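An overview of the molecular structure
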Amino acid sequence: MRARPTLLLLVIAWLLAPLAAAQPAESALTRLERDDFAHYTLALTWHPGFCESHSRPPRECRQPELRRGAEQGFVLHGLWPSLPGRFAARGVDRRRWWQEGCFLETPRADGSFCRAHPPLDLPEALDESLDAAMPGRASCLDRYQYAKHAACFALDSADYFAAAVELREAVNASAFGAFVALNQGGEVGRNDLIGAFEAAFGQGTGRALRLRCGGRGNRVLTEVRIAIAADRLEDFPAAGSLARQDRGRCATRVRIATF
């Protein structure tokens, strides 16, 4: 008779095990959701345009193996918190925050950023994903982005970059990402880019998009910046997760470069 309760508990545990396993793990997007600043800016570079617009392009533009696959979609520049309340309370304005970020608390070291900051300790799978998503790692862009935009929030580096990679993949998989990729090598209207964004993410969401262009007359697409509410990251790309921001400065007609 004493064995029955033990057997019953084992049966119950066996029945409940699949339910426990089915519970989704908390995502990096959830762990990065915040209430001490208004929004994140997801900065995604159109790599061919970025490289073309620089008279002295960095290593990731000069070495063909570092450009591989970049024409298939946007690459990651960064994920930037907006002005936090604690900095605003100290008299820091938005302009200064965008210029200096976390360096306001921990000034950057003199000399090479690569020498001053050791490589980030990321899980192997994430490390490989970030290599593909961010060619600028060849110039230590990942270390710079984390030090300037995440370190002073005590954001875990793995969560920070896992979230950024996931958001970048969502944009590239969208109808907006497809529109840009399909039109590379040609020109599109600036308003057509905004229209493609709204077609992908919802009417009126174009105010969350800031276009960046370079070259003569700001005619070459170099980057898009998407404002996402800091407490709604996991809901991206739902329209309600997007936040308004200022318009960019691109010509009426924009060329989408290709390698």
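Details of the structure are given in the entry above.
Calculation notes
- Residues numbered from 1 in each chain as written.
- Predicted model: local features only at pLDDT ≥ 70, side-chain atom pairs only at ≥ 80, totals over all residues.
- Heavy atoms only, no water.
- Salt bridge = Lys/Arg side-chain N within 4 Å of Asp/Glu carboxyl O.
- Buried < 20%, exposed > 50% of the residue type's maximum accessible area, 1.4 Å probe, protein only.
- Helix = DSSP H or I, 4+ residues; strand = E, 2+ residues; numbered from the N terminus.
- Phe/Tyr/Trp six-rings, centres within 6.5 Å; stacked < 30°, edge-to-face > 60°.
- Arc of directions from axis to C-beta.
- Contact = heavy atoms within 4.5 Å.
- Disulfide = S-S within 2.5 Å.

**As for the pattern of salt bridges**
- If you walk through the whole model with that rule in mind, you get 12 salt bridges.
- For the salt bridge of Asp36 with Arg34, the shortest nitrogen-to-oxygen distance reads 3.1 Å.
- Classification of Asp36 by relative accessible area gives partly exposed; the value is 28%.
- In this structure, Glu100 engages Arg96 in a salt bridge whose closest nitrogen and oxygen atoms are separated by 3.2 Å. On the criterion of helical spacing, the pair formed by Glu100 and Arg96 is a turn pair, its members being four residues apart in helix 7 (residues 94-100).
- Three or more residues are tied together by salt bridges with common partners; here these are Asp127, Asp131, Arg137 and Asp142.

**Here we look at the packing of aromatic side chains**
- Applying the stated criterion to the full structure yields 15 aromatic pairs.
- An angle of 90 degrees between the planes, with centres 5.0 Å apart, marks the rings of Phe37 and Tyr40 as edge-to-face.
- A relative accessible area of 7% means that Phe37 is categorised as buried.
- Pairing Tyr160 with Phe161 gives two aromatic rings, centres 4.9 Å apart and planes at 80 degrees, and the pair type is edge-to-face.

**Here's the deal with helix 12 (residues 175-182)**
- Those residues of helix 12 that sit buried are Phe176, Gly177, Val180 and Ala181. For helix 12, the arc enclosing every buried residue in end-on projection is 130 degrees, short of the 170-degree limit, so these residues lie on one face. Exposed and oriented more than 90 degrees from the buried face of helix 12 are Ala175 and Leu182.
- Those residues of helix 12 hidden inside the fold are in contact with helix 11 (157-172), helix 13 (190-201), strand 4 (209-214) and strand 5 (220-229).

**Remarks on the state of the cysteines**
- This model, assessed by the stated rule, comprises four disulfides.
- The side chain of Cys51 participates in a disulfide bridge whose partner is Cys61; the two sulfur atoms lie 2.0 Å from each other. On the S-S bond that ties Cys51 to Cys61, the torsion sits near -80 degrees, and the link is left-handed. One end of the pair, Cys51, is in helix 3 (residues 47-52); the other, Cys61, is in helix 4 (residues 59-62), and 10 residues separate them in sequence. For the residue pair Cys51 and Cys61, the accessibility class agrees, reading buried in each case.
- The disulfide that involves Cys114 links it to Cys140, with 1.8 Å between the sulfurs. The sign of the S-S torsion, about 125 degrees, decides the handedness of the disulfide formed by Cys114 and Cys140: right-handed. Placement of the pair is Cys114 in helix 8 (residues 113-116) and Cys140 in the loop between helix 9 (124-133) and helix 10 (141-149), with a sequence separation of 26 residues.
- What makes Cys140 buried here is its relative accessible area of 5%.
- Disulfide partners in the protein chain, listed by the sequence order of the bonded cysteines, are 1-2, 3-6, 4-5, 7-8.

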